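So you can see what is in the structure, the chains are spelled out below.
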Amino acid sequence: MPHFESYDGLRLSYTTLGDGPPLICLSGGPGAEATSLGDLGGLAEHHTLIRLDARAGGDSEIPQDQASCAFPAQVKDIEALRAHLGMTRIDLLAHSAGTLTAQAYAAAEPRRVRRLVLIPPAGRGAREPDAAEVARIQARGVRTQEPADNGSPPSWLRGAFYVEHRAKALPHPVLAVAGAEDGIAGLTPAKLVADLHPAGVLAVLPGCGHWPWLDAPDPFTSVVSGFLAG
């Protein structure tokens with residue numbers, strides 16, 4: 001499985017699938033294996049999916065510094081992957097919790113992003129963690145690089161990932177995809193995110209839940225591939 005070293009030397013893994021223009025993909029979870037995205041309902045027929053295992057998730061290593069797993073901090077991992085791949089600009093797709101990292105990356109590295117696909121957005125967030133919050137995360141204890149519990153994310157990851165972080169309006173074209181029957185996220189976060197970004201577009205897929213590429217692969221692929229084609 002391909003891998004690279006991120007900014008702090010941590011070894012992160014990724015997989016590629018499909019053919020066509022590259023599309024970096026972030027899974028939800030947090031800590032879900034990126035291969036759980038599959039071929040994204042046939043999107044791999046139009047794009048080369050570069051599916052990143054986030055730190056402490058999938059086959060990527062677990063950092064000693066738990067605070068580095070906060071979603072704003074994982075922006076540096078996306079940038080390290082972009083540099084590793086030798087890409088000047090990227091299209092970025094993210095599912096659920098991963099959409100927080102994707103939006104934070106686009107805000108931090110606006111010239112490195114072409115288009116964003118958020119399926120479905122997890123919400124706006126609030127602000128960066130301050131020093132006291134970082135200390136509380138670290139006080140929970142650190143983990144050495146060890147396998148997660150039977151391939152599952154470590155128990156502390158969710159608490160480390162979700163921190164307050166104020167989302168910024170992005171200049172990029174942003175597609176927010178939501179399932180009309182999503183009982184996990186609902187439709188409100190997708191509507192809010194589409195309204196936040198000036199070039200935001202909302203696509204609500206009828207009869208779909210939290211994983212719309214599984215419920216309606218053809219409509220999902222049509223909407224996303226059409227958006228990415230510009």
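Asks: How should the side chain of S96 be read in this particular structure?
Replies: Within the element layout of this structure, S96 appears in the loop between β5 (90-95) and α2 (98-108). A distance of 3.0 Å separates polar atoms of two side chains, one belonging to S96 and the other to H210.

Asks: What is the right way to read the sheet that holds strand β7 (residues 174-179) from this model?
Replies: Note on sheets: strands pair through backbone hydrogen bonds, and any given pair is parallel or antiparallel. With respect to topology, 8 strands assemble into an open sheet ordered β1-β2-β4-β3-β5-β6-β7-β8, the strand pairing being mixed. At either margin of the open sheet sits one strand with a lone partner, and together these are β1 (3-5) and β8 (200-205). Averaged over all adjacent pairs, the angle separating strand axes in this sheet is 25°, with direction ignored. Note that β5 and strand β6 (residues 113-119) share 6 bridges and pair parallel. Note that in β6 the partner of L93 across the bridge is V117. Sheet strands touched by helix α5 (residues 188-196): β6, β7 and β8. Its angle to β8, the strand with the most contacts, is close to 155°. Each of β3 (22-26), β5, β6, β7 and β8 is contacted by helix α7 (residues 217-229), which is oriented at about 160° to β6, the strand it contacts most.

Asks: Just to check I follow, could you spell out the environment of T88 for this structure?
Replies: Along the chain, T88 falls in the loop between α1 (75-85) and β5. Accessibility expressed as a relative area gives 55% for T88, which makes it exposed. Once the C-alpha coordinates of T88 and V113 are considered, the two residues, 25 residues apart in sequence, prove to be 8.6 Å apart. Among residues more than four places away in sequence, those in contact with T88 are R82, R111 and R112.

Asks: Sorry, what's going on with α5 here?
Replies: An α-helical turn contains 3.6 residues, so a residue and the one three or four places further along point in the same direction. Restricting attention to buried positions, one finds in α5 the residues P189, A190, V193, A194 and L196. One side of α5 holds all its buried residues, which, seen down the axis, span an arc of 160°. Of the residues in α5, the exposed ones pointing more than 90 degrees away from the buried face are T188 and D195. Here the buried face of α5 lies against α2, β6, β7 and β8.

Asks: For this particular structure, what's the right way to read the pattern of salt bridges?
Replies: When the charged atoms of two side chains with opposite charge come close together, those side chains can pair. This model, assessed by the stated rule, comprises 4 salt bridges. With its nearest N and O atoms 2.7 Å apart, the salt bridge here joins R82 to E79. With R82 and E79 both in helix α1, this residue pair falls 3 residues apart, about one helical turn. For the pair formed by R82 and E79, the shared burial category is buried. Each member of the salt-bridge network shares a partner with another, and the members are D8, R55 and D77.

Quick notes on the rules
Residues numbered from 1 in each chain as written. Predicted model: local features only at pLDDT ≥ 70, side-chain atom pairs only at ≥ 80, totals over all residues. Heavy atoms only, no water. Helix = DSSP H or I, 4+ residues; strand = E, 2+ residues; numbered from the N terminus. Polar contact = N/O pair within 3.5 Å; in protein donor to acceptor, adjacent residues only side chain to side chain. Pairing = 2+ DSSP bridges. Axes fitted to C-alpha atoms, helices over the stretch in contact; angles between N-to-C directions. Contact = heavy atoms within 4.5 Å. Buried < 20%, exposed > 50% of the residue type's maximum accessible area, 1.4 Å probe, protein only. Arc of directions from axis to C-beta. Salt bridge = Lys/Arg side-chain N within 4 Å of Asp/Glu carboxyl O.

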